[in-house]
Amino acid sequence: MATAVITGGTDGIGRALADEYLRHGFEVLVIGRDERKGRAFTDAGERARFVSADLSSVAENRRLAEHIAGQYPSLDVLVLGARYHRSNRVLTADGFESSFALFYLSRFLLSHGLVGPLGRAEKPVVLNFGGAGQTGPVRWDDLQLEHGYHGVRAMGHAGRLNDLLGVDFADTYADTGIRYVLNHPGVVVTSFAGEYDPVTAEQVDHLRITGKPVATAVAQILPFLGATGEGQNGEAQGGLTAVLEGHRVPLEPGVWNLGEARRLRDLTRDLLAQADRRLA
Ligand SMILES: NC(=O)c1ccc[n+]([C@@H]2O[C@H](COP(=O)([O-])OP(=O)(O)OC[C@H]3O[C@@H](n4cnc5c(N)ncnc54)[C@H](OP(=O)(O)O)[C@@H]3O)[C@@H](O)[C@H]2O)c1
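Residues numbered from 1 in each chain as written. Predicted model: local features only at pLDDT ≥ 70, side-chain atom pairs only at ≥ 80, totals over all residues. Heavy atoms only, no water.

A. Summary view of the overall build of the protein chain. Counting its regular elements, the protein chain contains 9 helices and 10 strands. Against the compact-globule benchmark of 19 Å for 280 residues, the protein chain has a radius of gyration of 17 Å, which places it among compact chains. Within the protein chain, contacts between residues at least 6 apart in sequence are counted, and of these 70% link residues at least 24 apart. Just so you have it, the protein chain exposes about 12300 Å², and 50% of that area is on carbon and sulfur atoms. Taken together, the 29 basic and 34 acidic charged side chains of the protein chain have centroids lying 1 Å from each other. (Helix = DSSP H or I, 4+ residues; strand = E, 2+ residues; numbered from the N terminus. Rg over C-alpha atoms; globule rule 2.2 N^0.38 Å. Contact = heavy atoms within 4.5 Å. Areas by Shrake-Rupley, 256 points an atom, 1.4 Å probe, with all protein chains shown as cover. Lys, Arg positive; Asp, Glu negative; His and termini not counted. Charge placed at Lys NZ, Arg CZ, Asp CG, Glu CD.)

B. Geometry of the site of the ligand. In the vicinity of the ligand lie 29 residues, with Thr10, Ile13, Lys37, Val188 and Thr190 positioned nearest. For the ligand, an oxygen atom lies 3.3 Å from a polar atom in the backbone of Gly8. Within the backbone of Ala53, one N or O atom sits 3.4 Å away from a nitrogen atom of the ligand. Alone, the ligand offers 910 Å² of accessible surface; in the complex the protein occludes 94% of this. At the level of elements, α1 (12-23) and α4 (98-113) are the ones that each hand at least two residues to the shell around the ligand. The element best represented in the shell around the ligand is α4, accounting for 3 residues. Here the residues of the shell around the ligand are counted per class, giving 13 nonpolar, 9 polar and 7 charged. (Near = heavy atom within 4 Å. Polar contact = N/O pair within 3.5 Å; in protein donor to acceptor, adjacent residues only side chain to side chain. Nonpolar A, V, L, I, M, F, W, Y, C, P; charged D, E, K, R; others polar.)

C. How the structure looks around the sheet that holds strand β1 (residues 3-7). The 8 strands lie next to each other as β3-β2-β1-β4-β6-β7-β9-β10, forming an open sheet whose pairing is mixed. Either end of the sheet is taken by a strand with one partner, and the two such strands are β3 (48-52) and β10 (247-248). One ladder, built from 4 bridges, connects strand β6 (residues 125-128) with strand β7 (residues 179-184); its direction is parallel. Among the inter-strand pairings, Leu127 is bridged to a residue of β7, identified as Val181. Lying on the sheet, α4 is in contact with β1, β4 (77-80), β6 and β7; it crosses β4 at an angle near 170 degrees. (Pairing = 2+ DSSP bridges. Axes fitted to C-alpha atoms, helices over the stretch in contact; angles between N-to-C directions.)

D. Geometry of the pairing of strand β9 (residues 240-244). With 4 of 5 residues buried, β9 is to be regarded as a mostly interior element. Bridge analysis of β7 against β9 gives 5 bridges, and the strand direction is parallel. Paired with Tyr180 across the two strands is Leu240, which belongs to β9. Taken together, β9 and the strand that follows it, β10, pair antiparallel across an intervening segment of 2 residues, in which Glu245 is found at a positive phi of about 45 degrees. (Buried < 20%, exposed > 50% of the residue type's maximum accessible area, 1.4 Å probe, protein only.)

E. Broad picture of the packing of aromatic side chains. Applying the stated criterion across every chain, the model contains 6 aromatic pairs. Between Tyr21 and Phe26, the ring centres sit 4.8 Å apart and the planes meet at 65 degrees, which makes this aromatic pair edge-to-face. By relative accessible area, Phe26 is classed as buried at 5%. A ring pair is formed by Tyr104 and Phe108, whose centres lie 6.1 Å apart and whose planes are at 55 degrees; its orientation type is tilted. Here Phe108 and Tyr104 lie together in helix α4, a separation of 4 residues that amounts to about one turn. Each residue in the set Phe96, Phe100, Tyr104 and Phe108 is aromatic and connected to the rest through ring pairs, giving one cluster. Geometry around Tyr84 places Arg33 over its ring, the cationic atom sitting 5.1 Å from the centre. Looking at Arg263, its charged tip hangs above the ring of Trp140, at a distance of 4.1 Å from the centre. (Phe/Tyr/Trp six-rings, centres within 6.5 Å; stacked < 30°, edge-to-face > 60°. Lys NZ or Arg CZ within 6 Å of the ring centre and 35° of its normal.)

F. Seen up close, unusual backbone geometry. Positive phi values are uncommon outside glycine, yet Phe192 reaches one of about 45 degrees. With respect to the helices and strands, the residue Phe192 is situated in the loop between β7 and β8 (194-195). The phi angle at Glu245 is positive, at roughly 45 degrees, despite the residue not being glycine. Mapped onto the fold, Glu245 is located in the loop between β9 and β10. Glu245 sits in the partly exposed class, given a relative accessible area of 35%.

G. A look at the side chain of Gln144. With respect to the helices and strands, the residue Gln144 is situated in the loop between β6 and α6 (151-172). Within polar-contact distance, the side chain of Gln144 engages the backbone nitrogen of Glu97 at 2.9 Å. Excluding its chain neighbours within four sequence positions, the residues that come into contact with Gln144 are Arg89, Gly95, Phe96, Glu97, Phe100 and Leu271.

H. How the structure looks around the pairing of β7. Of all 6 residues that make up β7, 5 are buried, and the element is covered over most of its length. Crossover β6 to β7 through α6 is right-handed. (Right-handed = clockwise from strand over helix to strand, strands pointing away.)

Structure representation (C-alpha coordinates):
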(Lines give C-alpha, C1' and ligand atoms only; values in the text may rest on other atoms or scores of the structure.)
Protein backbone atom coordinates (compact mmCIF):
# COMPACT_ATOMS: atom_id res chain seq x y z
CA MET A 1 0.00 0.00 0.00
CA ALA A 2 1.25 3.51 -0.81
CA THR A 3 2.17 5.54 2.27
CA ALA A 4 2.26 9.23 3.17
CA VAL A 5 3.72 10.84 6.30
CA ILE A 6 2.58 14.39 7.02
CA THR A 7 3.99 16.61 9.76
CA GLY A 8 1.49 19.30 10.68
CA GLY A 9 -1.08 16.82 9.34
CA THR A 10 -3.46 17.41 12.25
CA ASP A 11 -4.53 20.84 11.01
CA GLY A 12 -4.64 23.33 8.14
CA ILE A 13 -3.13 22.44 4.78
CA GLY A 14 -1.43 19.34 6.19
CA ARG A 15 -4.75 17.90 7.41
CA ALA A 16 -6.41 18.60 4.04
CA LEU A 17 -3.54 16.84 2.24
CA ALA A 18 -3.87 13.92 4.67
CA ASP A 19 -7.58 13.60 3.82
CA GLU A 20 -6.74 13.77 0.11
CA TYR A 21 -4.17 10.95 0.33
CA LEU A 22 -6.61 8.86 2.38
CA ARG A 23 -9.18 9.29 -0.39
CA HIS A 24 -6.59 8.02 -2.87
CA GLY A 25 -6.08 4.80 -0.89
CA PHE A 26 -2.83 5.67 0.91
CA GLU A 27 -1.98 4.73 4.46
CA VAL A 28 -1.46 8.16 6.03
CA LEU A 29 0.47 8.93 9.20
CA VAL A 30 -0.02 12.44 10.57
CA ILE A 31 2.22 14.01 13.20
CA GLY A 32 1.23 16.74 15.64
CA ARG A 33 1.11 17.41 19.35
CA ASP A 34 -2.62 17.59 19.93
CA GLU A 35 -4.03 14.12 20.79
CA ARG A 36 -7.60 15.35 20.29
CA LYS A 37 -6.89 16.45 16.71
CA GLY A 38 -4.96 13.20 16.18
CA ARG A 39 -7.98 11.14 17.24
CA ALA A 40 -10.26 13.22 14.99
CA PHE A 41 -8.06 12.08 12.08
CA THR A 42 -7.71 8.43 13.07
CA ASP A 43 -11.53 8.20 13.32
CA ALA A 44 -11.43 8.21 9.49
CA GLY A 45 -10.45 4.52 9.45
CA GLU A 46 -7.62 2.06 9.85
CA ARG A 47 -5.44 3.63 7.13
CA ALA A 48 -5.42 6.88 9.14
CA ARG A 49 -2.63 6.92 11.75
CA PHE A 50 -1.39 9.49 14.24
CA VAL A 51 1.83 9.85 16.19
CA SER A 52 2.26 12.59 18.74
CA ALA A 53 5.62 14.37 18.70
CA ASP A 54 7.02 17.79 19.51
CA LEU A 55 9.05 18.39 16.38
CA SER A 56 10.90 21.35 17.85
CA SER A 57 12.94 18.73 19.75
CA VAL A 58 15.91 17.13 17.97
CA ALA A 59 15.46 13.87 19.87
CA GLU A 60 11.76 13.69 18.92
CA ASN A 61 12.62 14.09 15.22
CA ARG A 62 15.20 11.32 15.46
CA ARG A 63 12.73 9.09 17.36
CA LEU A 64 10.09 9.78 14.73
CA ALA A 65 12.42 9.03 11.80
CA GLU A 66 13.35 5.74 13.46
CA HIS A 67 9.68 4.89 14.10
CA ILE A 68 8.69 5.66 10.49
CA ALA A 69 11.60 3.69 9.04
CA GLY A 70 10.57 0.75 11.25
CA GLN A 71 6.90 0.95 10.23
CA TYR A 72 7.27 1.70 6.53
CA PRO A 73 9.99 -0.06 4.53
CA SER A 74 9.08 2.28 1.68
CA LEU A 75 7.62 5.77 1.88
CA ASP A 76 5.92 7.41 -1.12
CA VAL A 77 5.15 10.89 0.22
CA LEU A 78 6.71 12.98 2.98
CA VAL A 79 5.04 16.33 3.71
CA LEU A 80 6.91 18.70 6.03
CA GLY A 81 4.26 21.14 7.23
CA ALA A 82 4.48 21.63 11.01
CA ARG A 83 4.66 25.28 11.98
CA TYR A 84 4.15 27.47 15.03
CA HIS A 85 4.54 31.24 14.98
CA ARG A 86 6.09 32.99 17.96
CA SER A 87 6.13 36.76 18.23
CA ASN A 88 8.69 36.47 21.03
CA ARG A 89 11.99 34.73 20.61
CA VAL A 90 11.92 31.45 22.57
CA LEU A 91 14.60 28.79 22.91
CA THR A 92 13.79 25.08 22.81
CA ALA A 93 15.07 22.64 25.46
CA ASP A 94 17.93 21.89 23.04
CA GLY A 95 18.89 25.59 23.02
CA PHE A 96 17.71 26.38 19.46
CA GLU A 97 15.52 29.34 18.50
CA SER A 98 12.08 27.76 18.22
CA SER A 99 11.18 28.67 14.60
CA PHE A 100 14.65 27.62 13.46
CA ALA A 101 14.10 24.32 15.31
CA LEU A 102 10.57 23.54 14.11
CA PHE A 103 10.42 25.16 10.71
CA TYR A 104 13.94 24.24 9.58
CA LEU A 105 15.89 21.76 11.75
CA SER A 106 12.98 19.31 12.00
CA ARG A 107 12.69 19.31 8.22
CA PHE A 108 16.45 18.85 7.84
CA LEU A 109 16.41 15.86 10.23
CA LEU A 110 13.34 14.21 8.69
CA SER A 111 14.39 14.81 5.07
CA HIS A 112 17.82 13.25 5.58
CA GLY A 113 16.57 10.71 8.13
CA LEU A 114 13.97 9.22 5.79
CA VAL A 115 16.01 8.91 2.60
CA GLY A 116 16.16 5.10 3.08
CA PRO A 117 12.38 4.42 2.96
CA LEU A 118 11.80 7.20 0.41
CA GLY A 119 14.45 5.74 -1.88
CA ARG A 120 12.63 2.38 -1.89
CA ALA A 121 9.32 3.86 -3.16
CA GLU A 122 8.43 3.86 -6.83
CA LYS A 123 7.93 7.62 -7.28
CA PRO A 124 8.90 9.22 -3.97
CA VAL A 125 8.27 12.89 -3.30
CA VAL A 126 9.03 15.26 -0.43
CA LEU A 127 6.88 18.38 -0.06
CA ASN A 128 8.46 21.09 2.06
CA PHE A 129 6.75 24.43 2.59
CA GLY A 130 9.73 26.70 1.99
CA GLY A 131 10.08 30.24 0.76
CA ALA A 132 10.06 29.21 -2.93
CA GLY A 133 12.68 31.89 -3.54
CA GLN A 134 10.44 34.69 -2.25
CA THR A 135 12.34 35.47 0.95
CA GLY A 136 15.44 37.56 1.73
CA PRO A 137 19.01 36.28 2.06
CA VAL A 138 20.37 34.00 4.78
CA ARG A 139 21.63 35.76 7.92
CA TRP A 140 24.88 33.79 7.98
CA ASP A 141 26.23 35.68 10.99
CA ASP A 142 23.03 35.16 13.00
CA LEU A 143 21.21 32.03 11.78
CA GLN A 144 18.94 31.92 14.83
CA LEU A 145 18.12 35.63 14.82
CA GLU A 146 19.53 36.62 18.21
CA HIS A 147 19.52 40.20 16.97
CA GLY A 148 16.43 41.95 15.62
CA TYR A 149 14.12 38.94 16.07
CA HIS A 150 10.61 39.31 14.72
CA GLY A 151 8.22 36.36 14.44
CA VAL A 152 7.25 37.03 10.83
CA ARG A 153 10.90 37.52 9.86
CA ALA A 154 11.82 34.27 11.64
CA MET A 155 9.30 32.34 9.52
CA GLY A 156 10.57 34.00 6.33
CA HIS A 157 14.19 33.29 7.24
CA ALA A 158 13.41 29.64 7.98
CA GLY A 159 11.64 29.51 4.60
CA ARG A 160 14.91 30.55 2.93
CA LEU A 161 16.81 27.88 4.89
CA ASN A 162 14.30 25.29 3.67
CA ASP A 163 14.84 26.40 0.08
CA LEU A 164 18.56 25.73 0.52
CA LEU A 165 17.80 22.41 2.25
CA GLY A 166 15.92 21.45 -0.92
CA VAL A 167 18.82 22.48 -3.17
CA ASP A 168 21.32 20.42 -1.19
CA PHE A 169 18.93 17.46 -0.82
CA ALA A 170 18.23 17.25 -4.56
CA ASP A 171 21.96 17.41 -5.29
CA THR A 172 23.05 14.93 -2.61
CA TYR A 173 20.42 12.32 -3.46
CA ALA A 174 20.25 12.94 -7.21
CA ASP A 175 20.56 9.23 -7.97
CA THR A 176 17.68 8.11 -5.69
CA GLY A 177 14.75 9.35 -7.79
CA ILE A 178 13.36 11.30 -4.81
CA ARG A 179 11.70 14.54 -5.95
CA TYR A 180 11.86 17.53 -3.61
CA VAL A 181 9.09 20.11 -3.99
CA LEU A 182 9.31 23.47 -2.24
CA ASN A 183 5.92 25.11 -2.04
CA HIS A 184 4.87 28.58 -0.95
CA PRO A 185 1.06 28.46 -0.87
CA GLY A 186 0.46 32.20 -0.39
CA VAL A 187 -1.89 33.27 2.39
CA VAL A 188 -4.21 30.41 3.33
CA VAL A 189 -6.89 30.49 6.03
CA THR A 190 -5.76 27.81 8.48
CA SER A 191 -5.45 27.62 12.26
CA PHE A 192 -2.40 29.96 12.03
CA ALA A 193 -0.97 28.06 15.02
CA GLY A 194 1.10 30.30 17.25
CA GLU A 195 1.44 32.92 19.94
CA TYR A 196 0.99 36.43 18.57
CA ASP A 197 1.61 39.90 19.96
CA PRO A 198 -1.39 42.26 19.60
CA VAL A 199 -0.11 43.90 16.38
CA THR A 200 0.58 40.58 14.66
CA ALA A 201 -2.69 39.12 15.98
CA GLU A 202 -4.54 41.94 14.27
CA GLN A 203 -2.67 41.25 11.01
CA VAL A 204 -3.55 37.55 11.30
CA ASP A 205 -7.22 38.43 11.80
CA HIS A 206 -7.00 40.36 8.53
CA LEU A 207 -5.39 37.36 6.82
CA ARG A 208 -8.30 35.20 7.98
CA ILE A 209 -10.51 37.44 5.81
CA THR A 210 -8.25 37.93 2.79
CA GLY A 211 -6.57 34.49 2.60
CA LYS A 212 -7.58 31.69 0.27
CA PRO A 213 -9.45 28.59 1.47
CA VAL A 214 -7.40 25.48 2.26
CA ALA A 215 -9.13 23.62 -0.60
CA THR A 216 -7.77 26.18 -3.10
CA ALA A 217 -4.24 25.82 -1.74
CA VAL A 218 -4.44 22.02 -1.91
CA ALA A 219 -5.69 22.16 -5.51
CA GLN A 220 -2.63 24.31 -6.33
CA ILE A 221 -0.24 21.92 -4.56
CA LEU A 222 -1.37 18.47 -5.72
CA PRO A 223 -0.51 18.79 -9.44
CA PHE A 224 3.16 19.14 -8.49
CA LEU A 225 3.26 16.02 -6.33
CA GLY A 226 2.14 13.58 -8.98
CA ALA A 227 1.37 10.81 -6.50
CA THR A 228 -2.43 11.01 -6.39
CA GLY A 229 -2.91 10.39 -10.08
CA GLU A 230 -2.87 14.10 -10.90
CA GLY A 231 0.38 13.98 -12.87
CA GLN A 232 3.44 16.11 -12.32
CA ASN A 233 3.03 19.70 -13.38
CA GLY A 234 6.11 21.40 -14.76
CA GLU A 235 9.62 20.16 -15.30
CA ALA A 236 11.69 19.54 -12.21
CA GLN A 237 15.35 20.51 -12.44
CA GLY A 238 17.53 17.72 -11.08
CA GLY A 239 14.74 16.51 -8.77
CA LEU A 240 13.96 19.96 -7.35
CA THR A 241 10.77 21.93 -8.02
CA ALA A 242 9.78 25.27 -6.50
CA VAL A 243 6.17 26.39 -6.61
CA LEU A 244 4.52 29.66 -5.68
CA GLU A 245 0.73 29.57 -5.45
CA GLY A 246 0.38 26.93 -8.14
CA HIS A 247 3.05 28.32 -10.48
CA ARG A 248 6.49 26.85 -10.97
CA VAL A 249 9.30 29.21 -9.99
CA PRO A 250 12.40 29.24 -12.24
CA LEU A 251 15.46 28.03 -10.33
CA GLU A 252 17.73 31.03 -10.95
CA PRO A 253 21.29 30.04 -9.93
CA GLY A 254 21.72 33.24 -7.87
CA VAL A 255 18.84 32.31 -5.56
CA TRP A 256 19.05 28.53 -5.76
CA ASN A 257 22.73 28.42 -4.98
CA LEU A 258 24.41 25.05 -4.38
CA GLY A 259 27.43 26.63 -2.65
CA GLU A 260 25.15 28.31 -0.11
CA ALA A 261 23.12 25.13 0.26
CA ARG A 262 26.23 23.08 1.10
CA ARG A 263 27.44 25.76 3.48
CA LEU A 264 24.13 25.63 5.33
CA ARG A 265 24.16 21.81 5.44
CA ASP A 266 27.65 21.82 7.01
CA LEU A 267 26.72 24.56 9.50
CA THR A 268 23.56 22.64 10.43
CA ARG A 269 25.53 19.46 11.06
CA ASP A 270 27.97 21.44 13.25
CA LEU A 271 25.08 22.96 15.23
CA LEU A 272 23.52 19.52 15.76
CA ALA A 273 26.86 18.05 16.84
CA GLN A 274 27.36 20.95 19.29
CA ALA A 275 23.88 20.39 20.73
CA ASP A 276 24.57 16.65 21.10
CA ARG A 277 27.77 17.44 23.02
CA ARG A 278 25.95 19.99 25.19
CA LEU A 279 23.21 17.55 26.07
CA ALA A 280 25.50 14.50 26.54
N1 LIG B 1 -1.37 29.37 6.21
C2 LIG B 1 -0.63 30.20 5.45
O3 LIG B 1 -1.05 31.33 5.09
C4 LIG B 1 0.74 29.80 5.03
C5 LIG B 1 1.51 30.71 4.29
C6 LIG B 1 2.79 30.33 3.89
C7 LIG B 1 3.27 29.07 4.24
N8 LIG B 1 2.50 28.21 4.94
C9 LIG B 1 3.07 26.91 5.33
O10 LIG B 1 2.16 25.86 5.13
C11 LIG B 1 2.42 24.81 6.10
C12 LIG B 1 1.12 24.46 6.77
O13 LIG B 1 0.67 25.62 7.48
P14 LIG B 1 -0.79 25.78 8.05
O15 LIG B 1 -1.06 27.24 8.12
O16 LIG B 1 -1.69 24.88 7.27
O17 LIG B 1 -0.60 25.19 9.53
P18 LIG B 1 -1.53 25.37 10.81
O19 LIG B 1 -2.99 25.31 10.47
O20 LIG B 1 -1.04 26.58 11.58
O21 LIG B 1 -1.19 24.04 11.62
C22 LIG B 1 0.09 23.87 12.15
C23 LIG B 1 0.38 22.39 12.28
O24 LIG B 1 1.68 22.25 12.87
C25 LIG B 1 1.59 21.37 13.98
N26 LIG B 1 2.58 21.76 14.99
C27 LIG B 1 2.74 22.99 15.55
N28 LIG B 1 3.75 22.96 16.43
C29 LIG B 1 4.24 21.69 16.42
C30 LIG B 1 5.28 21.04 17.13
N31 LIG B 1 6.06 21.69 18.02
N32 LIG B 1 5.50 19.73 16.87
C33 LIG B 1 4.74 19.06 15.98
N34 LIG B 1 3.74 19.63 15.29
C35 LIG B 1 3.49 20.93 15.51
C36 LIG B 1 0.17 21.52 14.49
O37 LIG B 1 -0.19 20.32 15.16
P38 LIG B 1 -0.82 20.29 16.64
O39 LIG B 1 -1.80 21.40 16.73
O40 LIG B 1 -1.40 18.91 16.70
O41 LIG B 1 0.38 20.46 17.55
C42 LIG B 1 -0.61 21.66 13.19
O43 LIG B 1 -0.88 20.40 12.65
C44 LIG B 1 3.46 25.38 7.07
O45 LIG B 1 4.74 24.91 6.75
C46 LIG B 1 3.39 26.86 6.82
O47 LIG B 1 4.60 27.51 7.11
C48 LIG B 1 1.25 28.54 5.36
